[in-house]
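# Structural overview for review
Spelled out, the chains give:
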Amino acid sequence: MASPMRSLLTDPARYLQSFRLFLMNSTEHQCMREFVERQLPAEIASIGNGKSTINILSVGGGAGEIDLLILSKVQARYPGVTINNDVIEPSADQISKYKERVAETSSLENVKFTWHEETAYEYESRMNAEKKSKKWDFIHMIQMLYYVEDIPATVRYFHSLLEAQAKLLIILVSGTSGWETLWKKFGSSFPLNDLCSYVSSADMKTILDSAGLKYQLHELPSYMDITSCFIEGNKDGELLLDFLTETCQFSKTAPPELKRQVMEELRKPECSEKRDGKVLFNNNLSVIMIEP
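Not measured: the values here are computed from a predicted model.

## A closer look at the side chain of Glu118
- Counting through the fold element by element, Glu118 comes out in the loop between strand E4 (111-116) and helix H6 (120-129).
- Of note is the side chain of Glu118, whose polar atom sits 2.7 Å from the side chain of Arg126.
- Residues within four places of Glu118 in sequence aside, it is in contact with Ile88, Glu89, Pro90, Tyr123 and Arg126.

This is the structure in structure tokens:
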């Protein structure tokens, strides 16, 4: 019998709603901001040496929160240098939020933004069709590799676009996170399709090693408050469960036994810790810096 469960990505509005709630309930952006503030400056210290223009490519730039922070660090390192910041982002809604954010931010005079409303794969196909292979001084792919069909090929393609002293930054969930436990156990029961696949830094290391690429890995501790998931009928809890399982209306469409097992798993120490009466899901991230 066909399962009534369907991928959250088949309902883009609900996906965005659950994603934004996830950001509000987690330290996701907070820990990324700390990384950008403390560790990124050293990583990008030579990407623009001797250049009058620095070219940055943001793959899956979303609403631009982290992108603008990254740009501020590049500006601080190379004051007055022109920066071309190209953004690949398939969601029109996210792009319009990004544009609003740029309009509200002063100090971007020397940055030229170009938005491409397309997926990473569509961008690659378009560039190949136009026989273009523009090179970049910095490329970042933050929390987006779950949504590409062929992860090794995507990483290889964008890595091939790096200039000689450039860096490729990837951020994704850590192999030590609750995501790893949840998805390794239940991934085959969730309605995954070619819109979304599970990948963590553990898988990524295997991919990079087999491609012979040089990289450094940093771990970023992070958590998400999922207490509301355990309150029957709580709207926020239902949205967060959708996000955790990448399933649209998981509470309503999952077989009762699967739902029971998932809820039980989410409480286990492999996934979450209890602190001050709250259930905090382990949302640890890994930052991977890849050399050209």
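## Thoughts on the pattern of salt bridges
- One pass over the structure, following the stated rule, counts 19 salt bridges.
- Ionic pairing is found between Glu180 and Lys184, a salt bridge with its closest N-O pair at 3.9 Å. Of the two residues, Glu180 and Lys184 both sit in helix H8 (residues 178-186), four residues apart, roughly one turn of that helix.
- Judged by relative accessible area, which is 14%, Glu180 ranks as buried.
- In this structure, Asp203 and Lys184 form a salt bridge, with 3.7 Å as the shortest nitrogen-oxygen distance.

## So, the packing of H8 against helix H10 (residues 235-245)
- As a packed pair, H8 and H10 sit with axes 10 Å apart at the nearest point and diverge in direction by 75°. The angle between H8 and H10 places the two elements in the roughly perpendicular class. For the pair formed by H8 and H10, the contact residues are Trp179, Leu182 and Trp183 on the first element and Phe243, Leu244 and Thr245 on the second.
- Its residues placed into classes, the contact of H8 with H10 shows five nonpolar, one polar and no charged.

## Topic: the pairing of strand E6 (residues 162-173)
- Counting buried positions along E6 yields nine of 12 residues, so the element is predominantly enclosed.
- Pairing geometry for strand E5 (residues 136-142) and E6, over six bridges, is parallel. The residue bridging Phe138 from the neighbouring strand is Lys167, located in E6.
- On the question of chirality, the crossover connecting E5 to the parallel E6 by way of helix H7 (residues 151-159) is right-handed.
- As paired strands, E6 and strand E12 (residues 285-290) are joined by six bridges and run antiparallel to one another. Among the inter-strand pairings, Leu168 is bridged to a residue of E12, identified as Ile290.

Cut-offs and rules
Residues numbered from 1 in each chain as written. Predicted model: local features only at pLDDT ≥ 70, side-chain atom pairs only at ≥ 80, totals over all residues. Heavy atoms only, no water. Helix = DSSP H or I, 4+ residues; strand = E, 2+ residues; numbered from the N terminus. Polar contact = N/O pair within 3.5 Å; in protein donor to acceptor, adjacent residues only side chain to side chain. Contact = heavy atoms within 4.5 Å. Salt bridge = Lys/Arg side-chain N within 4 Å of Asp/Glu carboxyl O. Buried < 20%, exposed > 50% of the residue type's maximum accessible area, 1.4 Å probe, protein only. Axes fitted to C-alpha atoms, helices over the stretch in contact; angles between N-to-C directions. Parallel < 35°, antiparallel > 145°, perpendicular 65-115°, else oblique. Nonpolar A, V, L, I, M, F, W, Y, C, P; charged D, E, K, R; others polar. Pairing = 2+ DSSP bridges. Right-handed = clockwise from strand over helix to strand, strands pointing away.

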